[in-house]
Amino acid sequence: MKKIKISELPLCSTLKGLFTIGTDKDNNSVKVSLEFVEQETTNAVNKANAATTSANNAAAAANTAKTATETATKNANDATAAAKTATTNATTATTNANNATAAAKTATTNANNATGAANTAAAAATKAKQDAEAATEDAIEATEAANEATATVLAAFGGLIPTGMTVESVERLTIGNLADNRIKAVLTPAGTLKNVIYISDNKAVTVAPDGRIQVVAKGRSTVHVIPTCNTALAKSIQIEVTAPTLRLTTRTSLRFTQAGALRLN
């Protein structure tokens, strides 16, 4: 199978079908859908926009009610003026006094009706204003909730990404070495995702997914240690494999173990 470098993979234009790995409150490994994170954020913003639209509609209704109140008040004033005119005509024209009085009573009744209408319109305007204020408060609360939800999601996701990595490994091995040699990668801060991959050229050594080193042949291998959640922290190390050599105590004397076996380098 041909191995492909991460830098050779195509860029993704959507979060659909993408997952990352994290740990839950019980420290169990779980997968997190990036599409779900994006959808939850979009839903919160949509709710905030809908609440804002409701507030705007309520404010428009309040303005309409205000206009109706002003019109009713003007009509009441006009009716009152007509009543005054009728009373004056009744005083100066005795012959038409009864008619003027009736007209005055009728005008007064109209004025009272107009005043009642004005009061009703004023009450409707007050209620519309209260509804608008309530809708505005709901919109503010919805916006704050959306912002808090977005911040919580981003903070939780950001806390999973490592910001530093240290790598420890042997630099030299010998043919036939069966010791459990491993590449140790430590990510910081604590609690970040521990996804690390090891990519070797396999010339001298191969590296298992858990970092265990397997000798293949004499030579030198380059191994890339890559944290998948922040590839910018990737590091490359070199491991040399040589044939075993004898240890000397002097230029002409070999070094032995306490059991009399040869010591090898």
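Report follows, based on the coordinates. Once a new chain begins, its residue numbering starts again from 1 and follows that chain's sequence as written. Only residues with pLDDT of 70 or above have their local features reported here, since the model is predicted, and side-chain atom pairs are shown and tallied only from 80 upward, although totals for entire chains, interfaces and linings are computed over all residues. Values reported for side chains reflect all heavy atoms of the structure, with hydrogen atoms and water molecules removed beforehand.

**Here we look at the overall build of the protein chain**
So, point 1. Think of it this way: any DSSP run of H or I at least four residues long counts as a helix, any run of E at least two long counts as a strand, and we number them from the N terminus. Counting its regular elements, the protein chain contains two helices and ten strands.
So, point 2. Ordered by position from N to C terminus, the α and β elements of the protein chain give β-β-α-α-β-β-β-β-β-β-β-β.
So, point 3. Think of it in three bands: residues with accessible area under 20% of the maximum for their type are buried, residues over 50% are exposed, and the middle band is partly exposed, with areas taken using a 1.4 Å probe on protein chains only. Here the protein chain, with 265 residues, has 24% of them falling under the buried criterion.
So, point 4. Nonlocal contacts in the protein chain, meaning residues at least 24 apart in sequence, comprise 52% of its contacts between residues at least 6 apart.
So, point 5. The protein chains shown are the only cover counted for residues, whose accessible areas, like all others here, come from Shrake-Rupley with a 1.4 Å probe. Taken as a whole, the protein chain presents about 17,800 Å² of accessible surface, with 56% of it coming from carbon and sulfur. Any two residues whose heavy atoms approach within 4.5 Å are treated as being in contact.

**A word on the nonpolar core**
So, point 1. Ranked by size, the top nonpolar core spans 17 residues in total, and within it I183, Y198, V205, I213, V223, V225 and I239 carry the most contacts.
So, point 2. Residue assignment for this core shows that the elements contributing at least two residues are β6 (196–200), β7 (205–207), β8 (213–215), β9 (219–227) and β10 (235–242).
So, point 3. Broken down by element, this core gets its largest block of residues, three residues, from β10. Among buried residues, the Ala, Val, Leu, Ile, Met, Phe, Trp, Tyr and Cys ones that are joined through side-chain atoms within 4.5 Å form a nonpolar core.

**Comments concerning the sheet that holds β6**
So, point 1. The strand order across the open sheet built from four strands is β4-β10-β9-β6, with neighbouring strands paired in mixed fashion. Because the sheet does not close on itself, it has two edges, and the strands there are β4 (172–174) and β6. Neighbour-to-neighbour, the strand axes of the sheet open up by a mean angle of 25°, direction not taken into account.
So, point 2. At least two bridges found by DSSP between two strands is the condition for calling them paired. One ladder, built from seven bridges, connects β9 with β10; its direction is antiparallel. Its bridge partner lying in β10, T222 is registered against Q238. Lines fitted to C-alpha atoms define the axes here, with helix axes fitted over just the stretch in contact, and angles between the N-to-C directions of these axes take values from 0 to 180 degrees.

**Details of the layout of surface pockets**
So, point 1. Points on a 1 Å grid, built from protein atoms alone, make a cavity when a 1.4 Å probe fits but cannot get out and make a pocket when they are open with protein on both sides within 12 Å along at least 5 of 7 lines; residues with an atom within 4 Å of a point are the lining residues. Grid points are joined across faces, edges and corners, and a volume is the space filled by probe spheres set on the points. Looking at the largest pocket, its volume works out to about 500 Å³.
So, point 2. Broken down by element, the residue count for the lining of the largest pocket peaks at five residues, all from β6.
So, point 3. Residues that form the lining of the largest pocket fall into these classes: ten nonpolar, six polar and five charged.
So, point 4. The computed volume of the second largest pocket comes to approximately 430 Å³.
So, point 5. Every residue lining the second largest pocket is counted, 18 residues in all, and those nearest its centre are C12, L18, F19, L34 and T228.
So, point 6. Examining the composition of the lining of the second largest pocket, we find that three residues originate from one element, strand β1 (residues 19–23), more than from any other.
So, point 7. A breakdown of the residues in the lining of the second largest pocket according to their chemical character gives 14 nonpolar, four polar and no charged. Gly falls in the polar group here, along with every residue not listed as nonpolar (Ala, Val, Leu, Ile, Met, Phe, Trp, Tyr, Cys, Pro) or charged (Asp, Glu, Lys, Arg).

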